[in-house]
Amino acid sequence: MYKTNNKKPPSCFLSISCTSEELPFWQPMDHLAPVVLYDVNPFAKEGVEISTKFHQTLFYPEFRIQRVWRIQNPILWLHYSLKKKQLSQELGGAGRYPEERQLFHGTFRDRLEPIIKQGFDWRIGKTHGKKLGNGIYFGRHAVGAHEFTDCGGDNKSTRWKTHIFYSKPLQFQSTNHLQASENGTAISDIWSLFKYHSHTDSHFMLAVRVLVGRYTMGKPSLLRPPQFDERDLSVRYDSCVDNVSAPQTFVIFDQYQAYPEYVIEYQHCINNRLRV
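Residues numbered from 1 in each chain as written. Predicted model: local features only at pLDDT ≥ 70, side-chain atom pairs only at ≥ 80, totals over all residues. Heavy atoms only, no water.

### Some remarks on helix H2 (residues 74-90)
For H2, spanning 17 residues, the distance from its first C-alpha to its last is 24 Å, which sits close to the expected 24 Å at 1.5 Å a residue. Taken together, the buried positions of H2 are occupied by Leu76, Trp77, Leu78, Tyr80, Ser81, Lys83, Leu87 and Ser88. Along its buried surface, H2 packs onto strand E3 (100-107), helix H3 (112-118), strand E8 (203-211) and strand E14 (258-270). Of the residues flanking the end of H2, it is Gly92, one or two places downstream, whose phi is positive at about 115°. (Helix = DSSP H or I, 4+ residues; strand = E, 2+ residues; numbered from the N terminus. Expected span 1.5 Å × (residues − 1). Buried < 20%, exposed > 50% of the residue type's maximum accessible area, 1.4 Å probe, protein only. Contact = heavy atoms within 4.5 Å.)

### Overview of the side chain of Gln257
Tracing the backbone shows Gln257 in the loop between strand E13 (249-252) and E14. Using a relative accessible area of 5% as the deciding quantity, one classes Gln257 as buried. A distance of 2.8 Å separates a polar atom in the side chain of Gln257 from the backbone oxygen of Leu211. (Polar contact = N/O pair within 3.5 Å; in protein donor to acceptor, adjacent residues only side chain to side chain.)

### Things to note about the pattern of salt bridges
On inspection of all chains with the given rule, the structure shows ten salt bridges. Between Arg214 and Asp238 there is a salt bridge, with its nearest N and O atoms 3.7 Å apart. Of this pair, Arg214 sits in the loop between E8 and strand E9 (215-217) while Asp238 sits in the loop between strand E11 (232-236) and strand E12 (239-241), placing them 24 residues apart in sequence. Note that Arg231 is salt-bridged to Asp229, the shortest N-O span being 3.2 Å. Accessibility expressed as a relative area gives 24% for Asp229, which makes it partly exposed. What you see here is one network of salt bridges that share partners, running through Lys84, Glu100, Arg209 and Glu261. (Salt bridge = Lys/Arg side-chain N within 4 Å of Asp/Glu carboxyl O.)

Written as structure tokens, this is what we have:
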């Protein structure tokens, strides 16, 4: 009979600090809060970096960022950090790390909550087909990810309407779903936040940290990356791409290779009219 160990596990099992450091922009958060979203200051370094990368292919003023949220999910970050460590060991360790990129992922408003709380799941919400394999797709540029967003909960809408763009930023008050704090906003009901406290005509995109590692050309029949070494069945590529020499689209088959880092809320307009 196995003996039951009633001792509490070491604190390192309960903290992400034992496997990796927190991201540089993270704010202190309540250990009881599983997920926290923070408003990103558009004039701070991280706000400028996200905005600049977004507008490299989705040009202002046709595309206008309304708000950026930083996602702080310690459990997802722990999984991501452990996966990074595993891939590093497969490369031989000793300071060798897998290639890591910040990529974009377009999604629908009603799919934000499960991604923010639980990460990506290739088994649900597939709208892109399987051109490069049955996995999770990310774009190098925001313009590619925009094709997979919806607006107002209806991705088929082609309505046009007038809109005042330079309105005062949304001010959040403490409610049953939303608890405001000095440094950010702790979210207990993310769906209510994006449904009732964001612009109804907004698109949503995620900026994601992705461990692309060693990649090769994808194909529709893939359920996991191809073998890296034909002599060793246990060694495989880490991701697939649309073009090995100049990849624009990446596909991963392990959800822990991606950490959703930011939610970008933005609007698409032409000639000062909102396109939805």
